[in-house]
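# An overview of the molecular structure
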Amino acid sequence: MTTSQDVVVPEMGIGATGAVMQGSGAAGIFACRSAAGAMSMRQTYLDLAAAAARSASCTWVEAMRASSPTRSRAGAAADVDEFSTWMRKHPSALGKFEQIAAASKGKKIVMFLDYDGTLSPIVADPDAAYMSDAMRAAVRDVAKHFPTAIVSGRCRDKVYKFVGLSELYYAGSHGMDIKGPSSNPESVLCQPAREFLPVIDEVYKVLVEKTKSTPGANVENNKFCLSVHFRCVDEKRWNFLAEQVKTVIKDYPMLKLTQGRKVFELRPSIMWDKGKALEFLLESLGFADSSDVLPVYIGDDRTDEDAFKVLRQRGQGVGILVTKCPKETSASYSLQDPGEVMEFLLRLVDWNRASPSSMVRPRVV
Ligand SMILES: O=P(O)(O)OC[C@H]1O[C@H](O[C@H]2O[C@H](CO)[C@@H](O)[C@H](O)[C@H]2O)[C@H](O)[C@@H](O)[C@@H]1O
């Protein structure tokens, strides 16, 4: 099932130094107005170059600021209006639960869950992003009824430690490290970026060294990709940090730079993302070209947009964005926070208990 919404997610702009930020969908809404357009013909080349550099920095910092907005649903009147308009396009998955349940009749639900910001609340320390026991129990219940995968930007081992459920599929490093339930020796394994391991390790060391002078900056090694966190960095230093990261990545053209929630993410420039991981897992479960499957994907971040887009391209599935404020998205529905995610999961389990037609025996478990 898809809705008829026509949501466009543009690619993000190119910085002055040539570093490319991709897939953030931020260009349209976050970029500052171009300084060059307002310049007179007499402007010198140097003035133009300086203005371009300022504009590019502004774009970066604006994107960094917008990467995890704190504005709440109960803000100023204009915000409330904007949010109501947005909600009409992306209604609550709880409010539309019956519609979603009806769409799954006769189909097999496969559940895909992002971790940070979806199952666990966003916190300042990435090593302390624990999910609650109640959420763990809800995910365990869901997995009893539907094949369930965790799809995360984190290193697979780390996200497994947080979730702690061996019956799930895990796609770590933004889907570049996929493993089936550990209870099964035949469980699937896909690592399309294996050859990048040495370069990722090298860049990790370079970034740690380069960013150590920036208080609060934190580089996380996610095995096939890296995160440079700036949530705890003073905003006045964001531009400097962005420049440091861009300087490093210039020497590694085989890597690309994207932005998540107050985090820069560096990963191999290969055609692989959370959307590809979703397709791989559906195929592994025997649903490659099947019309009787209903993938449900819940995520909060820009990297989850790749999976939402795949659902739209397939014309099949339910994309749910976790957010408290309007965002450009290819998801059809929304939920506010992990609390609502848990409520949705519990309702799905209850509903399936009452009408167990969606029970599925996947091919690979
Ligand atoms: O795909 P995800 O599971 O959502 O992972 C994306 C990134 O999540 C983590 O960072 C985010 O959550 C942190 C803890 O709440 C927060 O401090 C940080 O600001 C967020 O960006 C994780 O640490 C990253 O490595 C993941 O790429």
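About the criteria used
Residues numbered from 1 in each chain as written. Predicted model: local features only at pLDDT ≥ 70, side-chain atom pairs only at ≥ 80, totals over all residues. Heavy atoms only, no water. Pairing = 2+ DSSP bridges. Helix = DSSP H or I, 4+ residues; strand = E, 2+ residues; numbered from the N terminus. Axes fitted to C-alpha atoms, helices over the stretch in contact; angles between N-to-C directions. Expected span 1.5 Å × (residues − 1). Buried < 20%, exposed > 50% of the residue type's maximum accessible area, 1.4 Å probe, protein only. Salt bridge = Lys/Arg side-chain N within 4 Å of Asp/Glu carboxyl O. Right-handed = clockwise from strand over helix to strand, strands pointing away.

### Some words on the sheet that holds strand E8 (residues 255-260)
Two strands in a sheet stick together by hydrogen bonds in their backbones, pointing the same way (parallel) or opposite ways (antiparallel). Read across the open sheet, the four strands follow the order E6-E7-E9-E8; overall the sheet is antiparallel. Here the strands that pair on one side only, and so sit at the sheet edges, are strand E6 (218-221) and E8. Averaged over all pairs of adjacent strands, the angle between strand axes in this sheet comes to 20°, irrespective of strand direction.

### Side note on helix H8 (residues 238-250)
Look at H8: 18 Å from first C-alpha to last across 13 residues, which is about the 18 Å you get at 1.5 Å a residue. Along H8, the positions that sit buried rather than exposed are Trp 238, Leu 241, Ala 242, Gln 244, Val 245, Lys 246, Val 248 and Ile 249.

### Points about the pattern of salt bridges
Tallied over the full model, the rule gives 18 salt bridges. For Arg 156, the salt bridge is made with Asp 177, and the minimal N-O distance between the two is 3.2 Å. With Arg 156 in helix H6 (residues 156-163) and Asp 177 in strand E4 (residues 177-179), the pair connects residues that are 21 residues apart, well separated along the chain. Across the pair Lys 274 and Asp 304 runs a salt bridge whose closest N-O atoms are separated by 2.8 Å. Of this pair, Lys 274 sits in helix H9 (residues 274-284) while Asp 304 sits in the loop between strand E10 (293-299) and helix H10 (305-314); the two residues are 30 residues apart in sequence, bridging distant segments of the chain. Assigned by exposure class, Lys 274 and Asp 304 land together as buried. Connected through shared salt-bridge partners, Asp 116, Asp 127, Arg 154, Lys 158 and Glu 220 make up one network.

### Re the pairing of E10
For a regular strand, side chains alternate in direction, first toward one face of the sheet and then toward the other. For E10, the tally of buried residues reaches seven of seven residues, placing the bulk of the element in the interior. Along E10, one buried face is formed by Val 293, Pro 295, Tyr 297 and Gly 299 and the opposite face, lined by Leu 294, Val 296 and Ile 298, is buried too. Across six bridges, the pairing between strand E1 (residues 108-113) and E10 is parallel. Within E10, the position partnered with Lys 108 by the bridge is Val 293. With four bridges connecting them, E10 and strand E11 (residues 318-322) associate as parallel partners. Within E11, the position partnered with Tyr 297 by the bridge is Gly 319. In terms of handedness, the path from E10 via H10 over to E11 forms a crossover that is right-handed.

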